[in-house]
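Each chain is listed here by its residues.
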Amino acid sequence: MTPLEKVQEKFGKDIVETHAFRGDETAVIRPASLLAVAKFLKDTPELDFNYLMDLTAVDYLFFAGGRIQKEFRFEVVCHFYSIKHNHRLRLKVQVDDREAPDGRKHPEVDSLTSLWASADWYEREVWDMYGIRFKGHPNLKRILMYEEFVGHALRKDYPFDKRQPLIGPQN
Amino acid sequence: MSLNSPTGFFSTKITDALNWARKFSIFQYPFVTACCGMEYMSTAASHYDVDRFGAGFPRFSPRQSDVLFVVGTINHKMAPVLKSVYDQMCEPKWVVAFGVCTCTGGFYDNYSTVQGIDTIIPVDIYIPGCPPRPENVLDGLMKLQDKIQKGEQSRTLYDPNAKTGRPAELQKYTITQHIKNIES
């Protein structure tokens, strides 16, 4: 039984779609179940995903030149690896950009810092570049750009020729 | 000025003598931020040997150096640091832009990169290349020596609108302009 099949068995209703190519397995899940799935991946002895290899995001605004419209805008992508079992799993979390009922302006998902300490800087980078907030993160502030920077540079609606220099000529 | 003068002494202007001394005792401050640093190191090491030009003694304090070598991409977060390093140097001082990123921003035409350090500090010598060959660097160093001998220093910043303060070959060709050219 592969890790993906184990996750499907346990969280069938939370999984939007799955994908596997030559042993690289992906599960696309709903944001509400992220923490539960992640905890299951880490704490189940047969899975034992003790290493969060990468955590990043994708902005699907204007995806494929605007020809493909998705009902969500962002996807947070997590790559897990088990050093003990030498197997991998990729989780994709769909994150909506629409304003939430409580009036918050930024999309938000649960933070993985409580399970993997390495999630700390990954999540700060995703916040810095995409403006996705992580609920439960201990220190969610910009990691690469300076604090004076306005906006999030890797969002597809950030103008590619916009400059925000600290000193020097403005454009 | 001739050292083989039959009378055993020669006469010159004091500034010429000073500048001659200055150009063969360049104390450089290497502000190395990126991959150009490797090429800088190979220029400085024994194979190409900048010590032949009297520039073999890098100082890691701006207060003790007279040529600022800016080697590698400068981003907007780093820009105030570069400016304060430049401001700490004593006069007379010169600046060398090493590599195309420091000259114009290079291919990093994006949100994070300074589009040429001459928008922040005046630049005397531009050495483009990605990275420039050591021969190219030595050529730039000799041009700098000529400039020091003449007692010249750059004082102007790059003005994109007036197109001053930067050689014509390095006037910025932006992505925006490129897209406009494709569309028209």
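In the block above lies the structure referred to throughout.
These numbers were taken from a predicted model, which means no experiment stands behind them. (Residues numbered from 1 in each chain as written. Chains lettered and ligands numbered in written order. Predicted model: local features only at pLDDT ≥ 70, side-chain atom pairs only at ≥ 80, totals over all residues. Heavy atoms only, no water.)

> Mind showing me how you'd approach the overall build of chain B here?
The helix and strand inventory of chain B stands at six helices and four strands. Counting from the amino terminus, helix and strand elements in chain B follow one another as α-β-α-β-α-β-α-β-α-α. Dimensions of chain B, computed from C-alpha atoms along their principal axes, come out at roughly 70 × 35 × 30 Å. In chain B, which comprises 184 residues, the share counted as buried stands at 44%. Put simply, of all contacts in chain B between residues at least 6 apart along the chain, 75% involve residues at least 24 apart. Of the accessible surface of chain B, which amounts to about 9,700 Å², a share of 59% is contributed by carbon and sulfur atoms. (Helix = DSSP H or I, 4+ residues; strand = E, 2+ residues; numbered from the N terminus. Buried < 20%, exposed > 50% of the residue type's maximum accessible area, 1.4 Å probe, protein only. Contact = heavy atoms within 4.5 Å. Areas by Shrake-Rupley, 256 points an atom, 1.4 Å probe, with all protein chains shown as cover.)

> Explain the pairing of strand β1 (residues 15-21) of chain A here, please?
Each regular strand shows side chains that alternate between the opposite faces of the sheet. Residues and elements named next belong to chain A. One ladder, built from six bridges, connects β1 with strand β2 (residues 24-29); its direction is antiparallel. Bridged to Ala20 within β2 is Glu25. The hairpin formed by β1 and β2 contains two residues between the paired strands, and Arg22 there has a positive phi angle of roughly 50 degrees. (Pairing = 2+ DSSP bridges.)

> It is not clear to me how the packing of aromatic side chains should be interpreted in this structure. Could you clarify?
Two aromatic rings, taken as a pair, are described by how far apart their centres are and by the angle between their planes. Enumeration over the complete set of coordinates arrives at 15 aromatic pairs over all chains. Ring plane angle 90 degrees and centroid distance 6.1 Å describe the contact between A:Tyr60 and A:Phe72, whose orientation is recorded as edge-to-face. Taken together, the positions of A:Tyr60 in the loop between β3 (51-59) and β4 (74-82) and A:Phe72 in the loop between β3 and β4 put the pair twelve residues apart, joining distant regions of the chain. Each member of the pair, A:Tyr60 together with A:Phe72, is buried. Seen in terms of ring centroids, A:Tyr146 and A:Phe149 are 5.8 Å apart; in terms of plane orientation they differ by 85 degrees. Their pairing is edge-to-face. Taking the relative accessible area as the measure of exposure, A:Tyr146 reaches 6% and is therefore buried. Aromatic ring contacts, followed pair by pair, group A:Tyr146, A:Phe149, A:Tyr158 and B:Tyr111 into a single cluster. The residue whose ring lies beneath A:Arg133 is A:Trp127, and the NZ or CZ to ring-centre distance is 4.6 Å. (Phe/Tyr/Trp six-rings, centres within 6.5 Å; stacked < 30°, edge-to-face > 60°. Lys NZ or Arg CZ within 6 Å of the ring centre and 35° of its normal.)

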